[in-house]
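Topology and contacts: notes
One letter stands for each residue in the lines below.
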Amino acid sequence: MNSVRLKIIVTGIVQGVGFRPFVYRIAVQNGLRGYVKNKGDAGAEIIVEGDPETIRKFMNALKNQKPPLSQIYEITTMKLSGEPKYEKFMIHKSSNETELSGSTIPPDVAVCDECLKELKDAKDPRHNYFFITCTNCGPRFTTIERLPYDRENTTMREFEMCSFCRSEYVDPSRRRFHAQTIACPRCGPKAYLVNSKGELIERNDPIREAGRLLSNGKILAIKGYGGFHLAASTTKEQPLLRLREAKHRCQKPFAIMARSVAAIETFASVSEKDEVLLTSHARPIVLLNKNKAFALSDLIAPNLHNVGVMLPYTGLHYMLFDDIADVAFVMTSANPPNRPIVKDNEEALRTLSDTADFFLLHDRKIAQRCDDSVIRTHGSRMVFLRRSRGYAPAPLILRKRAKRCVLGLGGELNDTSCILLQNKAFISQHIGDVENIETKELLVEATKHLVHLTNSKIELIACDLHPKFATTHLARELADENDWQLAQVQHHYAHIAGLMLEHGVDELVGICCDGYGYGTDGQAWGGEVLVCKTETTGFKRVAHLEKQPVLGGDLATRYPLRMAAGILRNEIELEPWLMKHKQHFPHGEEEVRTILQQLSSDRSMYQTTSCGRILDAASAILGVCLERTYEGEPAMKLESLAKRGKNVLRMEPIIDGDTLQTTQLLHELIENQNKYSKPDLAKSVHSYLSKGLAQLAVEKAIENRIESIGFSGGAACNEILASAIRRTVENAGLKFLVNETIPPGDGGISFGQTVVGGFFFS
Ligand code: ZN
Ligand code: ZN
Ligand code: FE
């Protein structure tokens, strides 16, 4: 029979996902010879020799039976001349440094169905093994210390494979061929239970015992893949109150882990898209609307219409539910206030023993801290609130190649860092608010790790325009130390630049709404319309919300009634109104006096165009939220109310030149407070802002002959705003773009900065 030689190049997500073993298996099954190896650009190269018919079968299998975690973007084939060279089929190892440059580090993957079946099978050697994994599942990023991704470069190094595991590891016909996290009860990590003093509680089955303790009202610290969770009952008040007190969180919602989709449906509604996300390999926390039957404690997500839910993602999590009837447990990241998620056993005992009654530990080290990801859906679209475990640090593949290798350090809140290398953007896991030494250290450490894993040779470092951010200082230091170029990128430019590259557009009118960003004029921005033409004029701020005074700086963010007072200073009789609300100011009447004094003096006040602050002020006027105890709280609670309301005020946007007025809107709220319900007024505020912003953007798009309008910034997570702006834009015959693969909030800033540094900066 005549023999054919074929070279096949596969691009996509094909490294660290069991792709080479898969190719090996289908080649051997078809009796083909040749090899498969990883390529430096994260693709795979395959040579096959054999008869045309079997090669055809092989190609079919390649396309249709690929491993669940792999994604194929493109397959190109080339016939090779010459005589067959190979005796058998082989997997070539790649270890060359340049070959590893930009290679894909796989994110953590939830335990797969096959492993779960074995976990429950009394005859299986891995029966009841909490860290059961295979090539298709298990931790990756959180265990990898160095590349290449081999066991000795991971935290599994300390667990020597037993003969049974080894036999599977070397057998190409098995699902665990080259599975770096392979382990079993004999050779793998062990789980154990200790009390708050660190004393071992001897139990045959510590994990199911932990589930029983949770069900009985105890608080447990549970070690997972990327850090610790604090876990508690979802129906008992007492542990939840204790948890709120210990975490200094009086209102901030807790995420919960539910035993199954059916269990979730007893308290929340799950759309088709929600279910896809909940059950995906990444297993993010998905924000779901509470349903009428919601019978879990109101302490979980107070005064919000939704609740963050995830499904178990390790064998350990599944086992917690085995012996009890609870539908869900609270599972909130264990971190002391403003610090990164706790990852080491001894660190956990030191920092969490006041809170947790027991600790469910295991003896595998965590290489990288990694919080859970958080997503919500707007209809069938997904919106990242936090892109972390399960996604980071898999790269975004862009349609263009950057001019240089860029590192972006992000802003201040909800920070991430990002490396842009050619056409790939590697965004780090969630770092947190970089306001203190611990989070700054995590930013440095995580970024170094990412540079190392991607083998990047940084040429430019990008940061925020704010002169006082810790990340700005850090970027300056690193630029000096390493002789890198430095680019300071305006916050809202970064939001919109990221959105543009995500969609591969060169021109965009961007609506950017959030809480705060330092403007090019040194003032506070946050409700902007930008015209962006990357080839010619760059970024131009063409419209914005009315500038409003910020009474008392950060105090106005914490106590949004201050915002309202500033906005309404010339509209209403302020003194009686403030006096009526004096109990909502920490210093009561005295504080009201000071506010009135400040407002009557001629001193020019610090001003902001922030959309977030307007929503906050509206929330305070309606009595929905008078003290902000977590980021976005007043606006989130306002959105929750507005979900059930109608636009009763029906105000036409008041546009003065390039400014959308907001004073009148808030005045109308006060005037109509007794006439309409809170949900109706809350909805009216949303309608006014979205209509006004969309109108301005459409006007600017027509004026500048631009076909697309985008919406980004933290306020783009708000479904009511996003869908209303979409309607106006699409009705005007224009295209509407939102973030799909990065967070619209500040977790996406680092990516936007690298885009400016890598594509737009000359
Ligand atoms: Zn598996
Ligand atoms: Zn073993
Ligand atoms: Fe922002």
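Residue indices follow the written sequence of each chain, beginning from 1 at its first position. Labels are handed out in written order, letters beginning with A for the chains and numbers beginning with 1 for the ligands. Reporting in this predicted model follows two pLDDT cut-offs: at least 70 for local features of residues, and 80 or more for side-chain atom pairs to be given and counted; totals over whole chains, interfaces and linings ignore these cut-offs and use all residues. Side-chain numbers here rest on the full set of heavy atoms in the structure, without hydrogens or water.

**Considering the overall build of the protein**
Within the protein, the secondary structure is distributed over 24 helices and 32 strands. Only C-alpha atoms enter the radius of gyration; for comparison, a globular chain is expected to reach 2.2 Å times N to the power 0.38, where N is the number of residues. Over its C-alpha atoms the protein spans a radius of gyration of 27 Å, differing by no more than 12% from the 27 Å that the globule rule assigns to 762 residues. Across its three principal directions, the C-alpha atoms of the protein cover 90 × 65 × 50 Å. Only protein chains enter the area calculation, which uses a 1.4 Å probe; residues under 20% of their type maximum are buried, those over 50% are exposed, and those in between are partly exposed. Taking all 762 residues of the protein together, the buried fraction comes to 62%. Here the contacts in the protein between residues at least 6 apart in sequence split such that 71% fall between residues at least 24 apart. The Shrake-Rupley method, run with a 1.4 Å probe, gives the accessible areas here. Residue values count only the displayed protein chains as cover. Accessible area of the protein: about 30200 Å², with a carbon and sulfur share of 46%. Put simply, DSSP H or I for four residues or longer makes a helix, DSSP E for two residues or longer makes a strand, and each gets a number counted from the N terminus. In what follows, residue pairs with any heavy atoms lying within 4.5 Å of each other are defined as contacts.

**Structural notes on the layout of surface pockets**
Put simply, the grid is 1 Å and covers the protein atoms alone, a cavity is a trapped set of points that fit a 1.4 Å probe, a pocket is an open set with protein on both sides within 12 Å along at least five of seven lines, and lining residues have an atom within 4 Å of a point. Grid points are joined across faces, edges and corners, and a volume is the space filled by probe spheres set on the points. A volume near 910 Å³ is recorded for the second largest pocket. Lining the second largest pocket are 37 residues, and of these Ile13, Gln71, Arg387, Tyr391 and Ala394 lie nearest its centre. Mapped onto the lining of the second largest pocket, the elements with two or more residues apiece are strand E4 (71-80), helix H9 (272-278), strand E17 (381-386), strand E18 (396-397) and helix H14 (491-503). Charged means Asp, Glu, Lys or Arg here, nonpolar means Ala, Val, Leu, Ile, Met, Phe, Trp, Tyr, Cys or Pro, and polar covers whatever is left, Gly included. Among the residues forming the lining of the second largest pocket, the class breakdown is 20 nonpolar, 10 polar and 7 charged.

**Topic: the pairing of strand E3 (residues 44-50)**
Regular strands place side chains that alternate from one sheet face to the opposite one. By the criterion of burial, E3 is predominantly enclosed, with 7 of the 7 residues buried. Residues of E3 alternate between two faces, with Ala44, Ile46, Val48 and Gly50 on one and Glu45, Ile47 and Glu49 on the opposite face, all of them buried. In this sheet, E3 lies alongside strand E1 (residues 4-13) in antiparallel orientation, the contact comprising 7 bridges. The residue bridging Lys7 from the neighbouring strand is Ile47, located in E3. Any two strands with at least two DSSP bridges between them are considered paired. In this sheet, E3 lies alongside strand E2 (residues 33-38) in antiparallel orientation, the contact comprising 6 bridges. For Arg33, the partnering residue across the bridge sits in E3 and is Glu49.

**A word on the coordination of the zinc ion (ligand 1)**
In this structure, Cys112 (SG), Cys115 (SG), Cys134 (SG) and Cys137 (SG) serve as the protein donors to the zinc ion (ligand 1), at separations of 2.3 Å. For Na, K and Ca the donor cut-off is 3.2 Å, and for all other metals it is 2.8 Å, counting N, O and S atoms only; because water is absent from this set, sites may look incomplete. Metal sites are grouped by the angles between bound donors: all angles between 85 and 135 degrees with four donors is tetrahedral, opposite donors over 155 degrees apart with the others between 65 and 115 is square planar for four donors and octahedral for six, and any other pattern is irregular. One way to put it: the 4 donor atoms around the zinc ion (ligand 1) meet at angles of 105 to 116°, and that makes the site tetrahedral. Summarised as a motif, the one-chain spacing of the donors to the zinc ion (ligand 1) is C-x2-C-x18-C-x2-C. The exposure class assigned to Cys134 is buried, which follows from its relative accessible area of 0%. Classification of Cys137 as buried rests on a relative accessible area of 0%.

**Things to note about the coordination of the iron ion (ligand 3)**
Protein ligation of the iron ion (ligand 3) involves His491 (NE2), His495 (NE2), Asp514 (OD) and Asp746 (OD), the donor distances falling in the range 2.1 to 2.3 Å. Around the iron ion (ligand 3), the 4 donor atoms sit at angles spanning 88 to 171°, and that spread fits a shape best called irregular. Within one chain, the residues serving as donors to the iron ion (ligand 3) are arranged as H-x3-H-x18-D-x231-D. One end of the pair, His495, is in helix H14; the other, Asp746, is in the loop between strand E32 (735-738) and helix H24 (749-760), with 251 residues separating them in the sequence.

**Let's talk about helix H1 (residues 19-29)**
Note that an α-helix has 3.6 residues per turn; residues three or four places apart therefore point the same way. Listed in full, the buried residues belonging to H1 are Phe19, Pro21, Phe22, Val23, Tyr24, Ile26 and Ala27. Elements that come into contact with the buried residues of H1 comprise E1, E2, E3, helix H2 (52-64), E4 and strand E5 (89-91). At the C-terminal side of H1, Gly31 shows a positive phi close to 65°.

**Quick word on the environment of Glu730**
Residue position: Glu730 is located in helix H23 (residues 719-731). With a relative accessible area of 41%, Glu730 lands in the partly exposed category. Residues Glu730 and Gly31, spaced 699 residues apart in sequence, show a C-alpha to C-alpha distance of 55 Å.

**Some details on the nonpolar core**
If you look at the biggest cluster of nonpolar residues, it comprises 71 residues, and the most contacted ones within it are Trp577, Leu578, Leu666, Leu669, Leu689, Ile709 and Phe711. Element by element, the count of residues in this core is highest for helix H22 (residues 678-703), at 11 residues. Those residues in contact with Leu578, other than ones at most four positions away along the chain, are Ala565, Phe585, Val592, Ile595 and Leu596. The term nonpolar core refers to a set of buried residues drawn from Ala, Val, Leu, Ile, Met, Phe, Trp, Tyr and Cys, joined through side-chain atoms within 4.5 Å.

**Some details on the confidence of the model for the protein**
Known as pLDDT, the predictor's per-residue confidence is scaled from 0 to 100. Across the protein, the average pLDDT comes to 94, with 98% of residues at or above 70. Taken as a whole, residues 97-101 scores under 50 in pLDDT and shows 14 contacts with residues more than four places along the chain or in a different chain.

**A word on the pattern of salt bridges**
Salt bridges are defined as contacts in which a side-chain nitrogen from Lys or Arg sits within 4 Å of a carboxyl oxygen from Asp or Glu. Considering all chains together, one arrives at 39 salt bridges under this definition. Notably, a salt bridge pairs Arg176 with Glu168, separated by 3.8 Å at the nearest N-O pair. Its relative accessible area of 2% is what places Arg176 among the buried residues. Through salt bridges that share partners, Glu114, Glu118, Arg126, Glu168, Arg174, Arg175 and Arg176 make up one connected network.

**With respect to the environment of Thr181**
The topology assignment puts Thr181 in the loop between helix H5 (163-169) and strand E6 (191-195). The exposure class assigned to Thr181 is buried, which follows from its relative accessible area of 3%. Residues Thr181 and Ala618, spaced 437 residues apart in sequence, show a C-alpha to C-alpha distance of 52 Å. Not counting residues up to four positions away in its chain, the partners in contact with Thr181 are Thr133, Cys137, Pro139, Arg140, Tyr149, Arg151 and Met156.

**Looking at the sheet that holds E4**
Taking strand neighbours across the sheet as the criterion, the 5 strands line up as E4-E1-E3-E2-E5 in an open arrangement whose pairing is mixed. Sheet topology places E4 and E5 at the edges, where each strand pairs with a single neighbour. With strand direction ignored, the average angle separating the axes of adjacent strands in the sheet is 15°. Across the sheet, H1 lies against E1, E2, E3, E4 and E5, angled at about 175° from E5, the strand it touches most. To define axes, lines are fitted to C-alpha atoms, for helices over the stretch in contact only, and angles between the resulting N-to-C directions are given on a 0 to 180 degree scale.

**Things to note about helix H4 (residues 113-120)**
Within H4, burial applies to Cys115, Leu116, Glu118 and Leu119. Summarising the axial view, the buried residues of H4 lie within an arc of 160°, below the 170-degree limit, and thus occupy one face. Those residues of H4 that are exposed and angled more than 90 degrees off the buried face are Asp113, Lys117 and Lys120. For H4, the elements touching its buried residues are helix H10 (315-320). Our arc is simply the arc of the directions from the helix axis toward the C-beta atoms.

**Some points on empty space enclosed by the protein**
According to the stated counting rule, one finds 3 cavities of 30 Å³ or more in the structure shown. By volume, the largest cavity is sized at about 50 Å³. Along its surface, the largest cavity is lined by Leu385, Arg386, Arg387, Asn414, Thr416, His430, Pro743 and Gly747. Among the residues making up the lining of the largest cavity, the classes are represented as 2 nonpolar, 4 polar and 2 charged.

**Overview of the sheet that holds strand E23 (residues 485-489)**
Pairing in this open sheet of 6 strands is mixed, and the strands run E18-E21-E20-E19-E22-E23 from one edge to the other. At either margin of the open sheet sits one strand with a lone partner, and together these are E18 and E23. Sheet topology places strand E20 (residues 418-421) next to strand E21 (residues 424-427); 4 bridges connect them, and they run antiparallel. Bridge pairing in E21 places Ile419 opposite Phe426. Relative to the sheet, helix H12 (residues 437-454) contacts strand E19 (406-408), E20 and E21, its axis offset from that of E20 by approximately 25°.

**Topic: a negative patch on the surface**
Note that patches include only residues with greater than 30% relative accessible area and no salt bridge, and the join distances are 9 Å for like charges and 5 Å for nonpolar side chains (Val, Leu, Ile, Met, Phe, Trp, Tyr). For this count, His and the chain ends are skipped, Lys and Arg are scored as positive, and Asp and Glu as negative. By convention, the charge on Lys lies at NZ, on Arg at CZ, on Asp at CG and on Glu at CD. Negative charge collects at one region of the surface, where Glu477, Asp480, Glu481 and Asp483 lie side by side. Mapped onto the elements, Glu477 comes out in helix H13 (residues 470-482).

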